[in-house]
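# Overview (structure and organization)
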Amino acid sequence: MKKVKIRNSEKEFIVGKIVCVGRNYAEHAKELGNEVPKFPIIFLKPPSTLIYDGDNIVHPSYSNEMHHEVELVLLIGKEIKNANDEEAENAITGYGVGLDMTLRDLQNEYRKEGNPWTLAKSFDTCGVISDFVSKEEYRLTGDEKIVLHKNGNIQQNSTVNKMIFSPMEIVKYISERMTLEPGDLIYTGTPEGVSKVERGDVLKSSIENIAQLENKIL
Ligand code: ZN
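## Comments concerning the coordination of the zinc ion
Surrounding the zinc ion are the protein donor atoms Glu69 (OE), Glu71 (OE) and Asp100 (OD), at 1.9 to 2.1 Å. Overall, Glu71 belongs to the buried group, its relative accessible area being 0%. Take Asp100: its relative accessible area is 0%, and that puts it in the buried class.

Shown next as structure tokens:
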């Protein structure tokens, strides 16, 4: 079982499900030639795929196009179902930074065939997660910079308030479809600038005032 920590506290959560949002930044939807969605696009990652700051991301041999996606990640602290705005906001207990590593070649193939893209998003080491900063310690303003450097070069550079659906809206929407429980993580989508990684590349991911990660591709 995977765990996540709250920074500056003894608190730990066993990770439940990992719910991810696709195309939540308009510029990223555009760069992949996709329409801006009317509802959040939801998919899942198994918790067993999680790794942490400093761990290596293992490039599967069956893909030739692995992409980085830096994302704001929400940690759920309460059980909720059919939440209203306030309950959805209150269920978010902390913020972290994550990487949703994606096998873009497989994803495009699956999408073309009308099949689920699960295997493009669920290989071991495809989910990187930082420690979380609790909401008591830090209130998200939306102005936080979300940045990814690849081998020292800036590749993704946006702010959290460019999201189409806000953290509260995402949590509310998901809770209408599935119960959210303490320890569930929500990856909220990536801004533009996704690119292919090669073995040996080093990724530095950060969200201002929240956390940073450094991971190497093997
Ligand atoms: Zn993503």
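That covers the picture; the talk isn't over yet.
## Section: the environment of Val36
Here Val36 is to be found in the loop between α1 (26–31) and β4 (41–45). Sequence separation between Val36 and Val197 is 161 residues, and the spatial gap between their C-alpha atoms is 25 Å. Filtering out sequence-adjacent residues up to four positions away, Val36 remains in contact with Ala26, Ala29 and Ile164.

## Notes on the pairing of strand β8 (residues 70–76)
Most of β8 sits out of view: seven of its seven residues are buried. Judged by which residues are buried, β8 turns out to be covered on both faces: Val70, Leu72, Leu74 and Ile76 on one side and Glu71, Val73 and Leu75 on the other are all buried. Of the strand pairs in this sheet, β8 and strand β9 (residues 92–100) are connected by seven bridges, and their pairing is antiparallel. Note that in β9 the partner of Leu74 across the bridge is Tyr95. Pairing of β8 with strand β15 (residues 185–187), which is carried by three bridges, proceeds in the antiparallel orientation. Paired with Leu74 across the bridge in β15 is Ile186.

## A look at helix α4 (residues 167–177)
Since there are 3.6 residues in each turn of an α-helix, residues three or four apart along the chain are aligned in direction. Within α4, burial applies to Pro167, Met168, Ile170, Val171, Tyr173, Ile174 and Ser175. Where α4 is buried, its residues contact β3 (18–22), β4, β8, α2 (85–91), β9 and β15.

## Observations concerning the packing of aromatic side chains
One pass over the structure, following the stated rule, counts two aromatic pairs. With a centroid separation of 6.2 Å and 20 degrees between ring planes, the pair formed by Phe39 and Tyr173 is classed as stacked. Linking Phe39 in the loop between α1 and β4 with Tyr173 in helix α4, this pair joins segments that are 134 residues apart in sequence. On the accessibility criterion, Phe39 (56% relative accessible area) is exposed. The exposure class assigned to Tyr173 is buried, which follows from its relative accessible area of 18%. Here the aromatic rings of Phe43 and Trp117 are separated by 5.8 Å at their centres, their planes lie at 75 degrees, and the arrangement is edge-to-face. Here Phe43 is found in strand β4, whereas its partner Trp117 is found in the loop between α3 (104–113) and β11 (127–129), with 74 residues between them in sequence. For the pair Phe43 and Trp117, one class covers both residues: buried.

Reading the values: the criteria
Residues numbered from 1 in each chain as written. Predicted model: local features only at pLDDT ≥ 70, side-chain atom pairs only at ≥ 80, totals over all residues. Heavy atoms only, no water. Donors = N, O, S within 2.8 Å, 3.2 Å for Na, K, Ca; no water. Buried < 20%, exposed > 50% of the residue type's maximum accessible area, 1.4 Å probe, protein only. Helix = DSSP H or I, 4+ residues; strand = E, 2+ residues; numbered from the N terminus. Contact = heavy atoms within 4.5 Å. Pairing = 2+ DSSP bridges. Phe/Tyr/Trp six-rings, centres within 6.5 Å; stacked < 30°, edge-to-face > 60°.

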